[in-house]
Amino acid sequence: MEWILLGLLATPLVGFVLILLLPRERLRWIHALSIAVGLITFGLAIALWIAFRPEQPGFQFRIALRWIESLDIGFRVGVDGISLLLVVLTTLLTLVALLASLEAIRHRQKEYYAMLLLLETAMLGVFVATDTFLFYVFWELVLIPMYFIIGIWGGRNRIYAALKFFLYTLVGSLLMLVGIVWLGVYAQQHAGGFTGDLERLQQIGPTLPLTAQRWLFWAFALSFCIKVPLFPLHTWLPDAHVEAPTAGSVILAGVLLKMGTYGLVRFNLELFPQASFEYAPLLAWLGVIGIVYGALVAFAQSDMKKLIAYSSVSHLGFIVLGIFSMTVEGLQGALLQMVNHGLSTGMLFLCVGMLYERRHTRELAEFGGLARRMPLFAVLLALAVLSSAGLPGLNGFVGEFLSLLGAAQSRFLDNFVFAAIGVSGVILAAAYLLKFYHALMFGEPSNPENYHLRDIGWLERLQLIPLVVLFVWIGLFPRPFLHLSELSFRSMVAKLEQLRFGITTIELPTPQAAPAAEPVQPSPSPLEPQRFLEEQLRRMPPPRP
Amino acid sequence: MDFLIAAIPLIPLAGFLTLGLFGWRWRSETVLGALGSGTVGLSFLLSTIVLGWLLQLPEPQRSYTVVLYRWIEAGTFRVELAFTVDPLSIVFALVVTGVGFLIHVYSIGYMQGDAGFWRFFAYLNLFIFMMLVLVLSNNLLLTFLGWEGVGLCSYLLIGFWYNRRFEGVGILWTTDAGRKAFIMNRIGDAGMLLAMFLLVQQFGSLEYSTINAQAASLAMGSGTIVAITLLLFLACTGKSAQIPLAVWLPDAMAGPTPVSALIHAATMVTAGVFLVSRLAPLFALAPATLNIIAAVGALTALTAATIGLVQTDIKKVLAYSTISQLGFMFTAAGVGAFSAAVFHVVTHAFFKALLFLGAGAVIHALHEQQDIRAMGGLRRSMPTTYRLFLVAGLAIAGIPPLSGFFSKDAILWHVFEEAGILGWLVLVAAAFCTAFYTFRLIALVFHGEERFDRRHLHPHEAPAVMRVPLLILGFLSVVGGFLGIPHALLPFVDSPNLLEHFLEPLFTPAAALLGKISAPALHWEEYVLMLLATAVSGAGALSAWRLFSADGLAAEQKIQQRLGRLYQLLWRKYYVDEFYQKLIVEPVQQVSERFFWRFLDAALIDGVVNGVARLVGQLGSIVRRLQTGVAQSYAMVMLVGILALLSWLVLF
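Only a predicted model underlies this, so the values are computations on that prediction, with no experimental measurement involved.

## Some points on the overall build of chain B
Moving on, step 1. Scanning chain B from terminus to terminus reveals 25 helices and four strands.
Moving on, step 2. Overall, chain B is about 120 × 65 × 55 Å in size when its C-alpha atoms are taken along their principal axes.
Moving on, step 3. Taking all 652 residues of chain B together, 55% fall into the buried category.

## Brief notes about the overall build of chain A
Moving on, step 1. The helix and strand inventory of chain A stands at 21 helices and two strands.
Moving on, step 2. In terms of overall size, chain A behaves like a compact globule, its C-alpha atoms giving a radius of gyration of 23 Å where 545 residues would be expected to give roughly 24 Å.
Moving on, step 3. Each principal axis of the C-alpha distribution contributes one length, and for chain A these read about 75 × 55 × 45 Å.
Moving on, step 4. Put simply, chain A has 545 residues, and 60% of those count as buried.
Moving on, step 5. Put simply, 79% of the contacts in chain A that link residues at least 6 apart link residues at least 24 apart.

## What about the interface of chain A and chain B?
Moving on, step 1. The interface of chain A with chain B comprises 40 residues on the first partner and 35 residues on the second.
Moving on, step 2. The set of elements that each furnish at least two residues to the side of chain A that touches chain B consists of helix H11 (273-299), helix H13 (328-359), helix H16 (395-409), helix H17 (417-422), helix H18 (424-441) and helix H20 (479-501) of chain A.
Moving on, step 3. Ranked by the residues each element gives to the side of chain A that touches chain B, the list is headed by H18 of chain A, at seven residues.
Moving on, step 4. In terms of residue class, the side of chain A that touches chain B is built from 26 nonpolar, 10 polar and four charged.

## Topic: H11 of chain A
Moving on, step 1. Between the first and last C-alpha of H11 of chain A there are 37 Å, a value that for 27 residues agrees with the 39 Å anticipated at 1.5 Å per step.
Moving on, step 2. Remark: the principal bend of H11 of chain A, roughly 50°, maps to Tyr279 of chain A, with a proline, Pro281 of chain A, within the next four residues.

## Side note on helix H3 (residues 87-110) of chain B
Moving on, step 1. The terminal C-alpha atoms of H3 of chain B lie 34 Å apart, and with 24 residues this matches the ideal 34 Å at 1.5 Å per residue to within 8%.
Moving on, step 2. By the criterion of burial, H3 of chain B is predominantly enclosed, with 23 of the 24 residues buried.

## Thoughts on the nonpolar core
Buried together is how nonpolar side chains tend to be arranged in soluble globular proteins.
Residue and element names in this part refer to chain B.
Moving on, step 1. Within the largest apolar cluster, 435 residues are counted, with the highest numbers of intra-cluster contacts made by Ala353 and Leu427.
Moving on, step 2. Take this core: its biggest share by element is 26 residues, from helix H18 (residues 403-446).
Moving on, step 3. In this view, Ala353 contacts Val99, Ile103, Ala261, Ala265, Ala266 and Leu473; residues no more than four positions away in its chain are not counted.

## A short note on the packing of helix H4 (residues 109-128) of chain A against helix H5 (residues 132-153) of chain A
Residue and element names in this part refer to chain A.
Moving on, step 1. Relative orientation of the contacting elements H4 and H5 amounts to 155°, with a least axis distance of 8 Å. If you check the angle between H4 and H5, you find them roughly antiparallel. In this structure, H4 crosses over H5, and the sense of that crossing is left-handed. Contact residues: Tyr112, Met115, Leu118, Leu119, Ala122, Met123, Gly125 and Val126 in H4; Phe135, Phe138, Trp139, Leu141, Val142, Pro145, Met146, Phe148, Ile149 and Trp153 in H5.
Moving on, step 2. Among the residues forming the contact of H4 with H5, the class breakdown is 17 nonpolar, one polar and no charged.

## Points about the environment of Leu264 of chain A
All names here are of chain A.
Moving on, step 1. As for its position among the elements, Leu264 is in helix H10 (residues 246-271).
Moving on, step 2. With 30 residues separating them along the chain, Leu264 and His234 place their C-alpha atoms 16 Å apart.
Moving on, step 3. Not counting residues within four places of it along the chain, the set of residues in contact with Leu264 comprises Ala221, Phe224, Leu269 and Ile323.

## Examining the pairing of strand S1 (residues 60-68) of chain A
Moving on, step 1. Where S1 of chain A lies against strand S2 (residues 73-79) of chain A, six bridges are found, and the strand directions are antiparallel. Bridged to Leu65 of chain A within S2 of chain A is Phe75 of chain A.

## Thoughts on the pairing of strand S2 (residues 77-85) of chain B
For a regular strand, side-chain orientation follows a simple rule: the groups alternate between the two sheet faces.
Residue and element names in this part refer to chain B.
Moving on, step 1. In terms of residue burial, S2 counts as a mostly covered element, since eight of its nine residues are buried.
Moving on, step 2. Where strand S1 (residues 64-74) lies against S2, nine bridges are found, and the strand directions are antiparallel. By the bridge assignment, Tyr64 is partnered in S2 with Val85.

## Considering the confidence of the model for chain A
Moving on, step 1. Residues at a pLDDT of 70 or more form 93% of chain A, whose mean pLDDT is 89.
Moving on, step 2. Confidence drops under a pLDDT of 50 for residues 513-527 of chain A, and excluding neighbours within four residues, the segment shows 13 contacts in the predicted structure.

## A word on unusual backbone geometry
All names here are of chain B.
Moving on, step 1. Following Ile243, the chain continues to Pro244 via a peptide bond in cis, the omega torsion being 10°.
Moving on, step 2. At the junction of Pro400 and Pro401, the peptide bond is cis and its omega measures out at 0° in the coordinates.
Moving on, step 3. In the Ramachandran plot, Ala241 falls in the positive-phi region, its phi being about 50° despite a non-glycine side chain.
Moving on, step 4. Its place among the elements puts Ala241 in the loop between helix H8 (223-239) and helix H9 (248-251).
Moving on, step 5. A positive phi is found at Lys573, a non-glycine position, where the angle reads about 55°.
Moving on, step 6. One can find Lys573 in the loop between helix H23 (565-571) and helix H24 (576-624).

## Focus: the environment of Phe356 of chain B
Residue and element names in this part refer to chain B.
Moving on, step 1. Within the secondary structure, Phe356 is located in helix H15 (residues 338-365).
Moving on, step 2. A count of 31 C-beta atoms within 10 Å places Phe356 in the buried class.
Moving on, step 3. Taking the C-alpha atoms as reference points, Phe356 and Leu262, separated by 94 residues in sequence, lie 8.9 Å from one another.
Moving on, step 4. Other than its neighbours up to four places away in sequence, Phe356 contacts Thr257, Ser260, Ala261, Ala265 and Leu318.

## Looking at the environment of Asp72 of chain A
Moving on, step 1. Here Asp72 of chain A is to be found in the loop between S1 and S2.
Moving on, step 2. Sequence separation of Asp72 of chain A and Gly425 of chain A is 353 residues, and the distance between their C-alpha atoms is 46 Å.

Rules and cut-offs
- Residues numbered from 1 in each chain as written.
- Chains lettered and ligands numbered in written order.
- Predicted model: local features only at pLDDT ≥ 70, side-chain atom pairs only at ≥ 80, totals over all residues.
- Helix = DSSP H or I, 4+ residues; strand = E, 2+ residues; numbered from the N terminus.
- Buried ≥ 20, exposed ≤ 12 C-beta atoms within 10 Å, placed from the backbone.
- Rg over C-alpha atoms; globule rule 2.2 N^0.38 Å.
- Contact = placed C-beta atoms within 7 Å.
- Nonpolar A, V, L, I, M, F, W, Y, C, P; charged D, E, K, R; others polar.
- Expected span 1.5 Å × (residues − 1).
- Bend = angle between axes of the 7 residues up to and from the residue.
- Core = buried A, V, L, I, M, F, W, Y, C linked by C-beta atoms within 7 Å.
- Axes fitted to C-alpha atoms, helices over the stretch in contact; angles between N-to-C directions.
- Parallel < 35°, antiparallel > 145°, perpendicular 65-115°, else oblique.
- Left-handed = near helix turned anticlockwise from the far one by under 90°.
- Pairing = 2+ DSSP bridges.
- pLDDT = per-residue confidence, 0-100.

Listed below in structure tokens is the structure:
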């Protein structure tokens, strides 16, 4: 079954090459090819989901190809419960972004679609890489197509925004590279050889001396927090969103930001647990500040895209809070919220793009009274707004509720105040989102240009309706989604609790109880916490004074 | 039985989906209206069947849960989508579907010819579904889904005519009133979320049965319990329009009148009373919270009733009346008289729905006129509506033997027993105001001379489809009180208070905690209080009648002059709206825009970011000067460097 994962990574890349080979006048071919690639990739992601076995711990569909053998750096990929949903989300949103571009992008189409497909491979690579060096390569690769998408097909101030986006994120990731190399060197000195193998590093990480962990924690966290973006590192986001074309905004909000939160889970929590215990309250504070701050600033915006951009700052605050609660509930909520935010904010950007195509403005004051002119659009946008506002019954609520519940219950944070402040984001979200919706939809149109706007057509419906179906599905039946990552997070939290408190309350399925349908490769499993930890603790250097 | 119980909420959901997805294609209002009302009628029928089934079960077994599926599961937290029928939930379900059905039927006439006819019925069906989820849920999280769901429907229906203007503080359009309702409710809902987090910490579950069963093992009045119950009560003040979150309800009158009757009088706003009753054993553990609830309820009852005395919009008078009556219910709950609170929910649903629907008939007849100063003398052209309105007025005023008398008397009696004479006096004062504003309303609308434009308006009775629901509600307003006849009035029957008896098993644990195992009351005391309260209400009604029935407008002006500042204070609703606007809404807007965005975000943080970029650029342009490209100067620098290095090596 490993071929699915390889195919998933290769398909957009092949598409990228094929589009480059096509003559630039053949627009229909280019369109058809990119949609086909998007569909196939999405199909492969669904196949991955179906073939995935949530009851089996660790990475699945693992492939390890040689790359730099002397340093034990390899092309290692694999999927576990944490990355699977993000992979599916990436392929879905790329497909939607491709559809949204068909009418919106008018010049340099060949390069545009090539860039979008290259971006897809890079994003997928970030989520499936299980080698630190490979991860870094994909992480940086994402920047290049995104830089061009903003810089070439963006709005008036696109160069400034693209450069800001590029430099901001690059600064962070350089420190991460230092951290990755440092980890490899440490492995060479203390664990028998330089390595980029994430699974080996996961075992080495908790044995690092605390001082080293602290430095490494920030080397990684800075890069991730910029990507999230966590207050106060967020100012690149509004500029990038405002200038990016619709599809760029969808991908940026839907997937790119999730790379940051994914990194925090995958690297910071797993590699530097002791440092995470220390810094969890700080990051949780930044999360709740982000929730309130992003919401208040969103409330003050009159540009639709800026408003949604700041709402992302607020929503991502919930995710960071859930992550650093280090509880199963919080992490589950955070992961689901990553998906939810991708869907609902993605949809909000799509809707803004549809209005922009009609009126060529993003100023809220230019609109009003559209409900009567565009009734179907009004209904769908209302659902996106309600999903984003966390109305129970729709997807956003489940994620926010679990994140906040985790924060409230966390033994690591041990402070109810995080949930108490975070919950105010729920009130403020209603305030700024309804302000946004009312300004567009209600009242009487004051501007004659709004009298004859046409309702959305079939291509636009095709983009929005699947997302709405997912809102309801995740809102009412979230278990198929939550189930995927339950085991991964349970074992992660069990490990963390063992390290911090010496005891864990998390129940893990015993190896015998796990259905042994397929013989699993006996790997040096990090997933039997009891045994693993004993070994770890034995190997840990005595604490320095 | 499982299937029947699950069908109670699911049928209106099916109605909503059908109307919402296909309704816009159907031209026939008859089909749409029949479908919309039919689903609710069917739910009502099923609810009566389930009631019958419950009644034949032995008392301790009258609680039955149907699990549909497991909703959310993460870590140790799990919650199911499950419905429970027990005496409390079935009483609420019956009121919701019964009164809801009548209002649906009425709406067929009221909304006739409206462009959004199908949309209206779709929203109403969604509302019934959400309300049923709220009351039938077996856990707090699912109740929260219904809780926010009814809030959403309320929002959608307040702003139903989204291109109509509406006046209010900070409000221009009807939709602004809807938004105000939604956000104020969300403030309360945030409290409910926090309460849920604390409950999960405490009990590991959000199921009512678990919470109520385990509550007994906790210490009386512990900090956590007080915090949980206060946060829950905050949510109730939002949904049930109590101080401090009451101000959205009068503005909610921007919606169509059937909506005001159904959502903003009979059902949704009583959800707070439901929640407190549902978790009665928990609330009973927090005497501090109960005291606050009683105080807030009494204060709300009195202040809202006083505001109602001077309002001139027929629906606003009724809105303040609703707030005031809800205050009565909370006072009852606060003194531990949960079944009296529920009793008042039931009777209030009858007579307040009737008042609103009657008002709707009047508004309809006068072509959307809502100002009572422009009405008058309508008893001649609308005799049936007049009589029914009078019945409802007598009921709300608490004149025996109409329904309001019994439920209000039950509340007053319990308040007197638990909170003493002071609480009783406050509520009796509120009752006086209630009778006064109700009969002022009746006099100004139906008596005196006809102050509307008689050349263009020819008011007449509403069509049968609107009149029949009114008649049924009128009947219920008369006899509804017999569900709860106090023992004092029928001392020979074992338990004449049918409703109390039916609900008793649920409230016994709470009553035991509060030490309220019913001591046989001294009947003469009860008789005296009953007589006094009735006399005060009668006096209120009669004085209003005498003042306003002949020449209402003149009396109105005279009172306005006589009261002066006090009148202004009441007219402007104690300036609470203005206070919130100036002290909360505007400062938040200003601070968000000026401080957080323009200063902190754009100037400071982004300034630092761009400053760093500029600094690097400037450093670069300084260092750039070194790269002159002149080989000699490079050689010169190199020489100096080598010399410096050498001398350092030699010297040290």
